[in-house]
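Summary of structural features
Single-letter residue listing:
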Amino acid sequence: MEQFLLQNSWWIPCYGFIGAILTLPWAVGIIRRTGPRPAAYFNLLMTIISLVHGFLVFRITLGEDPQPLVIHWFTAADLDLTLMLDVSSVGMGAVELVTALSLLAQLFALGYMEKDWALARFFALMGFFEGAMSGLALSESLFLSYALLEMLTLSTYLLVGFWYAQPLVVTAARDAFLTKRVGDVLLLMGVVALATLSGTLNFPDLYEWAETAELSPTVSTLLGLALISGPIGKCAQFPLHLWLDEAMEGPNPASILRNSVVVACGAYVLIKLQPILVLSPVASIALIVLGTMTAIGASLVAIAQIDIKRALSHSTSAYLGLVFIAVGTQWTDVALFVLLTHAIAKALLFMSIGSVILTTSSQDITEMGGLWSRMPATSIAFVVGAVGLVGLLPLGGFWALYEGVDTYWYGQPWLVVVLLIVNALSAFNLTRVFRLVFLGPPQPKTRRAPEVPWTMAVPMVALTITTLLVPAILQRLYLLPDWTYINGPAVVLLMLSGAIGFALGATIHLNRTWARPIQTPLKFAQDLLAYDFYVDQLYKVTVVWLVDRVSRLNAWFDRYVLDGAVNFVGLASIFSGESLKYSVSGQSQFYLLTILIGVSILGALLTYLVW
Amino acid sequence: MSTNFPWLTTITLLPLVASLLIPVLPDKYGKTVRWYSLAVGLIDFALIVYAFWYHYDFQNPDFQLVETYAWLPQLGLNWTLAVDGISMPLVLLASLVTTLSMLAGWQVTYKPRLFYFLMLAMYSAQIGVFCAQDILLFFLMWELELVPVYILISIWGGPKRLYAATKFILYTAIGSIFILVAALAMAFYGGNVTFDMRELGMKDYSLTFELLVYAALIIAYGVKLPIFPLHTWLPDAHGEASAPVSMILAGVLLKMGGYAIIRMNVEMLTDAHFYFAPVLAILGVVNIVYGALVSFAQRNLKRRMAYSSVSHMGFVLLGIASYTELGLSGAVLQMISHGLIAAALFYLSGVTYERTHTLMLDKMGGLGRSMPTVFALFTIASMASLALPGMSGFVGELAVFIGFATSDSYTSAFKLVVVLLSAVGLILTPMYLLSMLREMFYGKENTEFRGVPLLDARPREVFVTACLLIPIIGIGLYPKLFTQTYDVKTVQVASHARMAVSTVAQQPLQLFSEVSQAPALNSVTSGEFLGIVK
């Protein structure tokens, strides 16, 4: 039985895809009589199956050696592309996280999307999302990882574009796809380069190759930068970060997954790539620099947001920035730790605000207030999620950040500063959001606000309890530090930073009427942060403008120079034909004259030549 | 494996013979002819599948199902047909796309007899081009296919159809002259006069002669493929042709150029290919980037797709120039995959046009609400076109990329530049495709459509698109299934080409020494090419 489960663990990602396929009859409208609900149930069932299967395999693999599964996918000529799956406890743990959160998000969606006519399509996309993510967690081949990252890009595109008739969605879906695609294509170039250099694309072989590889600095730098650009796009890091903000136009249950595990998938690939990135010091430095920029920049930007989803999504970018720093400094266990705790806490926060959005039909936090007494479960979920995210009380986020602070304590103290700043800012931001949404007097939109139905409340409460239990889980997995070796000053500093952020957030004057500050510098700072440091405007006048101009120039060249030349030849022949036709006048004198002139020219030529 | 039944002759001639019956068919309501033609197309497709399944050996790199009949012995013209790993997939593609396009033209009410007669004639000509092994016969088939296209565009096309059709026929006819001249020159070179392609390939031409003939052929096929700057007929022809015709134009006719380059330039003129390969690679990159950029600036839906074809065919050139088995295999795969994808996209744009009566992107918008199925199919086809993993376009382009990157015929700086620039094309592709989708389907419905009933796709339309999309996804998910049917042949062609490099490189013509470098000799063992070089 154990062997059977192990051998067939490649089924785990397939369950999600099967679920997505099973929903098709409802999604495309072949079955209408039952309504779209059965499609959702199929998907939930498939998720439960994969959760159970994953859990059993996880139990088996705990403490065992990784067991590779190899599928020969594409053999053309001398290229043999194999898809390798790695059945190890880490991979299976990641699968469990993905499927569990996916299950909760789907249950949540059952309530949240209840009145949406395209419920079946939504669940098909969620199944697809889940399948791609669990495949990514198991993948042991860079090629497969790349392909699945593209699948995630596709499903992000489709999920963000879910409500395709809305005005803002129009550009949001396209931007999400394009931004991620830029990263993906650069990653593909890295994949092609690696295939050429090392002749293999499976991670174990690549690690072996990386240990002995000798590359010129230019090659290794280009390779490293190409490899990290895929995760940069996927994890919404500067300079490919704008899509996450816009992606908040999609339905909230998808945002739960996107902000917790989807971005984490990109980071997971990055962690897998880390032994290869060691080849290039520039790539490591780039990771640290970009991670720092994003972590601090996104934390600041989050503070100025008045859209409830955007206020939290920028904080996702910030935490992923911390993961990037960790990978850049080669501390992958810190990175995994942050990813795990962030995923759980962020999912809970998004469930909580999903309930708020559904109840109030609004995302603008200046229009909210006083929800705590009306929606107790939602309020508790938000508080627990916030506490689980920041380093203040000993929940998951605290231990993850502590691990980071402790790791950098002696070697890179300035990274400790970055961590503390991010922690303080995120505590500040979450307190601010909490005060605006849940405290204060009720506003018109929050006056009649009942607690959400059970389909949403159950996953939310379950995740609340899970978040509270994270320290216990960490204890079981031996991830908590030993009490005797605990770094006292680090704990104090971390708690202090959290407390400062909390205190500032609790005392700062917030006005809901959205009166603008009168002082110009303050106003400028607010706008600067609210509009993402104007990066999108910057892109608009540089890259977008350039591509647009160049393509217009090329089109002009094609139309008037190339095609113009062709048409000119045509016109010239028509013109000569048209003018020659006047030689046919019908007058015999004219013909005689023509003959005479012709003969005399001929004669002159002949005499000239003979002479 | 041999058979006495003349399979290829039957397959090639069946549609042509059947088309001769169309004028006398009793057809009062204009419905018999289309059923008749569709039946002929299906029967021929079934025959092709049957013949290849039972009488074609996938592991044999040589010509199979060979048939030779003397046709005009005075001229030395033979009716010689055969298929190998390069032509076999293309015959299948041509048959599939043409049959589907006859189904796509279901609603042609204006002169249906002529329409279907021409479609069937073109069916024969396409298969004839891919099967002909006599260079004169090849030329005849090539010409035979031009005339129906001309008439089809000039009668059933859009508003500028006469201009487009004339441009098409002039361009390709001038190109064909080069084929004829080159064919005759090759046939009369040396002592023995022959039109047989195998024997022509075995002749030992002088290098200057080869270079000249190569240049002539690359002009002829460059018009067809198309290669920048010979492409300007294509947006006009594709843009003005009606949907069924542009399906065939983009789906099959462009591939004739790619096929002929592999068959003649690479296989027969191997020495000259060494000198032209870097040029082809550069032109391939220009095609990819230039086509994508120009496509982005187009406001007409079909012109945008036409330029996207230019861009995608650049990968075929790149694969041909790569000098590796993988690159060549990728080039063939890219041809097949683009044939399917472009046919699907052009068909869908025809479906949209039937409802909106406009092809201008500015006038569309918000169609997703009333035409969700068309929206979904369009999205799938666009995803395939922008090379999403799991779809056939990705496998073809990936194979070309890796094939080119592992090529040992070029310096690494040249390879780096080529691969990076084509990657730019890979980023530009989603730009124009997604902005196309956005302008067509997303957002609010354009006010111009108020009162116009925008019906969703009918079952027939879904069926046609599904027939094209299923192989796209099938190849994308498990490409091995498909590539192994022709792999032995591409391996043979590539290794044959590489062996020629090693002989040419010993007497270098210091022309491209900047980018080309002689590969290591030891990677080639002489036993492998006995199949073609005896």
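The rules behind each value
Residues numbered from 1 in each chain as written. Chains lettered and ligands numbered in written order. Predicted model: local features only at pLDDT ≥ 70, side-chain atom pairs only at ≥ 80, totals over all residues. Heavy atoms only, no water. Helix = DSSP H or I, 4+ residues; strand = E, 2+ residues; numbered from the N terminus. Buried < 20%, exposed > 50% of the residue type's maximum accessible area, 1.4 Å probe, protein only. Contact = heavy atoms within 4.5 Å. Lys, Arg positive; Asp, Glu negative; His and termini not counted. Charge placed at Lys NZ, Arg CZ, Asp CG, Glu CD. Salt bridge = Lys/Arg side-chain N within 4 Å of Asp/Glu carboxyl O. Domains from an automatic or database assignment. Expected span 1.5 Å × (residues − 1). Polar contact = N/O pair within 3.5 Å; in protein donor to acceptor, adjacent residues only side chain to side chain. Phe/Tyr/Trp six-rings, centres within 6.5 Å; stacked < 30°, edge-to-face > 60°. Lys NZ or Arg CZ within 6 Å of the ring centre and 35° of its normal. Disulfide = S-S within 2.5 Å. Core = buried A, V, L, I, M, F, W, Y, C linked by side-chain atoms within 4.5 Å. Pairing = 2+ DSSP bridges. Buried area = accessible area lost by both parts, 1.4 Å probe. Nonpolar A, V, L, I, M, F, W, Y, C, P; charged D, E, K, R; others polar. Axes fitted to C-alpha atoms, helices over the stretch in contact; angles between N-to-C directions. Parallel < 35°, antiparallel > 145°, perpendicular 65-115°, else oblique.

1. Section: the overall build of chain A
Counting secondary structure elements, chain A contains 23 helices and 2 strands. Along the first, second and third principal axes, the C-alpha set of chain A runs to 120 × 60 × 60 Å. Each of the 611 residues in chain A was classed as buried or not, and the buried ones make up 56%. Of all intrachain contacts in chain A linking residues separated by at least 6 positions in sequence, the fraction that spans at least 24 positions is 80%. Across chain A, 30 positive and 36 negative side-chain charges occur, with their mean positions spaced 17 Å apart.

2. Brief notes about the pattern of salt bridges
The full count for this structure, using the stated rule, is 25 salt bridges over all chains. Two residues, A:Glu140 and A:Lys272, come together in a salt bridge whose shortest N-O distance is 2.5 Å. Separated by 132 residues along the polypeptide, A:Glu140 in the loop between helix H6 (119-138) and helix H7 (142-160) and A:Lys272 in helix H12 (residues 252-277) bring together distant segments of the chain. Residue A:Glu140 is classed as buried on the basis of its relative accessible area, which comes to 10%. Across the salt bridge formed by B:Arg458 and B:Glu354, the nearest N and O atoms sit 3.9 Å from each other. Of this pair, B:Arg458 sits in the loop between helix H16 (412-441) and helix H17 (459-477) while B:Glu354 sits in helix H13 (residues 325-356); the two residues are 104 residues apart in sequence, bridging distant segments of the chain. With relative accessibility at 33%, the residue B:Arg458 sits in the partly exposed group. Looking at B:Glu354, the relative accessible area reads 36%, which means it is partly exposed. Shared partners join several salt bridges into a network, and the residues in it are B:Glu354, B:Arg355, B:Arg458, B:Arg460 and B:Glu461.

3. Focus on the domain arrangement of chain A
Considered domain by domain, chain A is made up of domain 1 (141-530) and domain 2 (539-610). Between the C-alpha centres of domain 1 of chain A and domain 2 of chain A there is a distance of 65 Å.

4. As for helix H14 (residues 308-328) of chain A
Residues and elements named next belong to chain A. Its 21 residues place the ends of H14 31 Å apart at the C-alpha level, agreeing with the 30 Å of an ideal helix rising 1.5 Å per residue. The element H14 is extensively covered by neighbouring structure, given that 21 of its 21 residues are classed as buried. One side-chain oxygen at the N-terminal end of H14 lies 2.9 Å from the backbone nitrogen of Lys-309; it belongs to Asp-307.

5. Re the packing of aromatic side chains
Using the criterion set out here, one finds 49 aromatic pairs over all chains in the structure. Feature note: the residues A:Tyr164, B:Phe375, B:Phe378, B:Phe441 and B:Tyr442 constitute an aromatic cluster, connected by ring pairs. The aromatic ring of A:Trp243 is capped on one face by A:Lys180, whose charged end is 4.2 Å from the ring centroid. The residue whose ring lies beneath B:Lys489 is B:Phe63, and the NZ or CZ to ring-centre distance is 5.4 Å.

6. Focus on the state of the cysteines
Disulfide: a covalent bond formed between the sulfur atoms of two cysteine residues. Residues and elements named next belong to chain A. Here the structure, examined in full by the defined rule, presents 0 disulfides over all chains. Free cysteine Cys-265: the closest other cysteine sulfur is in Cys-235, separated by 9.0 Å. The exposure class assigned to Cys-265 is buried, which follows from its relative accessible area of 6%.

7. What to know about the nonpolar core
Residues B:Phe138, B:Tyr221 and B:Phe378 are the most contacted members of the largest nonpolar core, which totals 385 residues. Ranked by residue count, the leading element in this core is H13(B), at 17 residues. The two domains that each donate at least three residues to this core are domain 1 (141-530) and domain 2 (539-610) of chain A. Those residues in contact with B:Tyr221 that sit more than four places away from it in its chain are B:Phe138, B:Trp142, B:Ile179, B:Gly257, B:Ala260, B:Ile261, B:Met264 and B:Asn265.

8. So, the environment of A:Trp11
All names here are of chain A. You can see Trp-11 is positioned in helix H2 (residues 11-22). In this structure Trp-11 comes out as partly exposed when scored by relative accessible area, which is 33%. For Trp-11 and Gly-135, which are 124 residues apart along the polypeptide, the C-alpha to C-alpha distance reads 9.4 Å. Dropping the residues within four chain positions of it, Trp-11 is found in contact with Ile-18 and His-53.

9. A few points about the pairing of strand E2 (residues 77-83) of chain B
The buried count for E2(B) comes to 6 of 7 residues, which makes it a mostly enclosed element. Taking the residues between adjacent antiparallel strands as the criterion, strand E1 (residues 64-72) of chain B and E2(B) are bridged by 4 residues, where B:Gly76 takes a positive phi near 80 degrees.

10. Here's the deal with the interface of chain B and chain A
Many structure descriptions define interface size as the accessible area lost when the parts assemble. The partner chain A presents 47 residues to the 62 residues of chain B that form the contact. Between chain B and chain A, roughly 4,600 Å² of surface is buried when both sides are summed, and carbon and sulfur atoms account for 74% of that area. Taken together, the links from chain B to chain A amount to 1 salt bridge. Among the salt bridges present, the one from A:Asp563 reaches B:Lys167, with a minimum N-O distance of 2.4 Å. On the surface where chain B and chain A come into contact, there are 9 residue pairs in polar contact (both at pLDDT 80 or more). The element contributing the most residues to the side of chain B that touches chain A is H16(B), with 14 residues. Of the residues in the side of chain B that touches chain A, the class split is 42 nonpolar, 11 polar and 9 charged.

11. Some details on unusual backbone geometry
Most peptide bonds are trans, and most residues other than glycine sit at a negative phi. Following A:Phe238, the chain continues into A:Pro239 via a peptide bond in cis, with omega recorded as 5 degrees. Relative to the assigned elements, A:Pro239 resides in the loop between helix H10 (217-234) and helix H11 (242-247). For the bond from B:Leu225 to B:Pro226, the omega torsion is -5 degrees, close enough to zero to count as cis. Within the chain, A:Asp532 stands out as a residue other than glycine whose phi angle is a positive 55 degrees. Relative to the elements of secondary structure, A:Asp532 occurs in the loop between helix H21 (520-530) and helix H22 (535-580). Overall, A:Asp532 belongs to the buried group, its relative accessible area being 9%. Even without being glycine, A:Tyr534 reaches a positive phi, approximately 60 degrees. Its location among the elements puts A:Tyr534 in the loop between H21 and H22. Among the residues examined, A:Tyr534 registers a relative accessible area of 30% and is labelled partly exposed.

12. What to know about the packing of helix H3 (residues 87-104) of chain B against helix H4 (residues 112-131) of chain B
Residues and elements named next belong to chain B. It is the contact of H3 with H4, at a shortest axis distance of 9 Å, that shows an interaxial angle of 175 degrees. Relative to H4, the element H3 lies roughly antiparallel. Contact with H3, carried on its side by Ser-87, Leu-90, Val-91, Ala-94, Ser-95, Thr-98, Thr-99, Ser-101 and Met-102, involves Tyr-116, Met-119, Leu-120, Tyr-123, Gln-126, Ile-127, Phe-130 and Cys-131 of H4 and no other residues of that element. Considering only residue class, the contact of H3 with H4 consists of 11 nonpolar, 6 polar and no charged.

13. Brief notes about the side chain of A:Ser313
Mapped onto the elements, A:Ser313 comes out in helix H14. Residue classification places A:Ser313 among the buried positions, given a relative accessible area of 1%.

14. Looking at the pairing of E1(B)
Note: E1(B) against E2(B), 6 bridges, orientation antiparallel. Directly across from B:Ala70, in E2(B), lies its bridge partner B:Asn78.

15. What about the packing of H2(A) against helix H4 (residues 37-61) of chain A?
All names here are of chain A. Viewed as axis vectors pointing N to C, H2 and H4 meet at an angle of 175 degrees, and their least axial separation amounts to 8 Å. By the criterion of interaxial angle, the relationship of H2 to H4 is roughly antiparallel. Contacts from Trp-11, Ile-12, Tyr-15, Gly-16, Ile-18, Gly-19, Ala-20 and Leu-22 in H2 reach Phe-42, Asn-43, Met-46, Ile-49, Ser-50, His-53 and Gly-54 in H4. For the contact of H2 with H4, the residue count by class is 9 nonpolar, 6 polar and no charged.

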